[in-house]
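Examining the three-dimensional arrangement
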Amino acid sequence: MRLFLLTALLLVCSPWSQAAPKLKERRTSSIPSAHPWWKSMQSAIMSIQRHGAGQYSTGDRAKQALVSSFRWNEQYRRPQLNALAARPSFCSSAVWVATLASLLQWEEKNRRRVISPEAWRALLPHLDKDGIGPWGYANANGPGFALLVHKLGAGFSFTDWSKAQPSDVLKIWWNEHIGGQERGHIVILVKDEGDSVCVWSSHQKRENEPGGYGIRRYPKSAIKRVLFTRITQPAAFNRAHRLQDDPWLTRLMTQNTTWEECLRRCGIWH
């Protein structure tokens, strides 16, 4: 069911409203919801992809585009996303835009205001270094996104392909290094195809495929290791403004670490 909906959303694009509806106040880190997170993620991907691939870049222009794509709405005290402005893009910016767009839609679909203005402001992307604030986690080398979700209590991470589901966030490593010397990619899972994996993110340009947002297939033989993260408690993002900076993630900008240390910090190994 998840795969069918995600494929349909990427093929059939309809307008996505930027207007924030009136929402009931309900501030807590864990609430039942009628509209599941994975549906919000798939709808968010549609809202981004409907504007086309854009371009792939990791330069200053792409970083500024990410920051500028969110505008604070003082009336509703929450951000609004201009998905068209989030171009050019890179993989972690794509996943972060999709995550925040999902959170906005999840609140709207459930008609509850769960995330406080303080938490929303903390979640907005910035130009500071890795390990600083939620975006500094999500953009970091190593298991940054997984560590963010773990510390917030918003979900869990795992490494078993057989447990993966569409809309899971997937960190891919192309080499054995974790940290400063790693070659990695962060994506959202569309489908496990056995010998290959179908994912959505912002990708580098390659022959016959444009750079930027889109679906792409990668052979599993090219992947050295993976780390899946599933968001099960989106209301826990209401803790974002209480998240402490992580010097370990900052060090991973230049230093390497071990796989065992990553798993331990993300709550997979104790």
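Residues numbered from 1 in each chain as written. Predicted model: local features only at pLDDT ≥ 70, side-chain atom pairs only at ≥ 80, totals over all residues. Heavy atoms only, no water.

Once rolled over the atoms, a probe with the size of a water molecule shows which space is left empty. Of the volumes computed, that of the largest pocket is approximately 890 Å³. Forming the boundary of the largest pocket are 44 residues, of which Tyr-56, Thr-58, Cys-91, Ser-92 and Gly-184 lie nearest the centre. Taken together, the residues of the lining of the largest pocket break down into 20 nonpolar, 14 polar and 10 charged. (1 Å grid on protein atoms, 1.4 Å probe; cavity = no way out; pocket = protein on both sides within 12 Å on 5 of 7 lines; lining within 4 Å. Points joined across faces, edges and corners; volume = space filled by probe spheres on them. Nonpolar A, V, L, I, M, F, W, Y, C, P; charged D, E, K, R; others polar.)

Turning our attention to the sheet that holds strand β5 (residues 155–158). Taken together, the six strands give an open sheet; going across it, the order is β5-β10-β6-β7-β8-β9, and neighbouring strands pair in antiparallel fashion. Two strands bound the open sheet, and with one partner strand each, they are β5 and β9 (212–219). Taken over all neighbouring pairs, the strand axes of this sheet differ in orientation by 30° on average, direction set aside. In terms of strand pairing, strand β6 (residues 169–173) meets strand β7 (residues 184–192) through five bridges, oriented antiparallel. Bridge pairing links Trp-173 to Gly-184 in β7. (Pairing = 2+ DSSP bridges. Helix = DSSP H or I, 4+ residues; strand = E, 2+ residues; numbered from the N terminus. Axes fitted to C-alpha atoms, helices over the stretch in contact; angles between N-to-C directions.)

Turning our eyes to something else, we now look at helix α4 (residues 91–110). With 20 residues, α4 extends 28 Å from end C-alpha to end C-alpha; this agrees with the ideal 28 Å at 1.5 Å per step. Among the 20 residues that make up α4, 19 are buried, leaving the element largely enclosed by the rest of the structure. (Expected span 1.5 Å × (residues − 1). Buried < 20%, exposed > 50% of the residue type's maximum accessible area, 1.4 Å probe, protein only.)

A few words now on the packing of aromatic side chains. The final tally for this structure, using the stated rule, is eight aromatic pairs. With a centroid separation of 5.2 Å and 10° between ring planes, the pair formed by Phe-158 and Phe-228 is classed as stacked. Here Phe-158 is found in strand β5, whereas its partner Phe-228 is found in strand β10 (residues 225–231), with 70 residues between them in sequence. A relative accessible area of 6% means that Phe-158 is categorised as buried. According to the relative accessible area criterion, Phe-228 is buried, its value standing at 0%. Between Trp-174 and Tyr-218 the ring centres are 5.2 Å apart and the planes differ by 55°, which places this aromatic pair in the tilted class. Of this pair, Trp-174 sits in the loop between β6 and β7 while Tyr-218 sits in strand β9, placing them 44 residues apart in sequence. (Phe/Tyr/Trp six-rings, centres within 6.5 Å; stacked < 30°, edge-to-face > 60°.)

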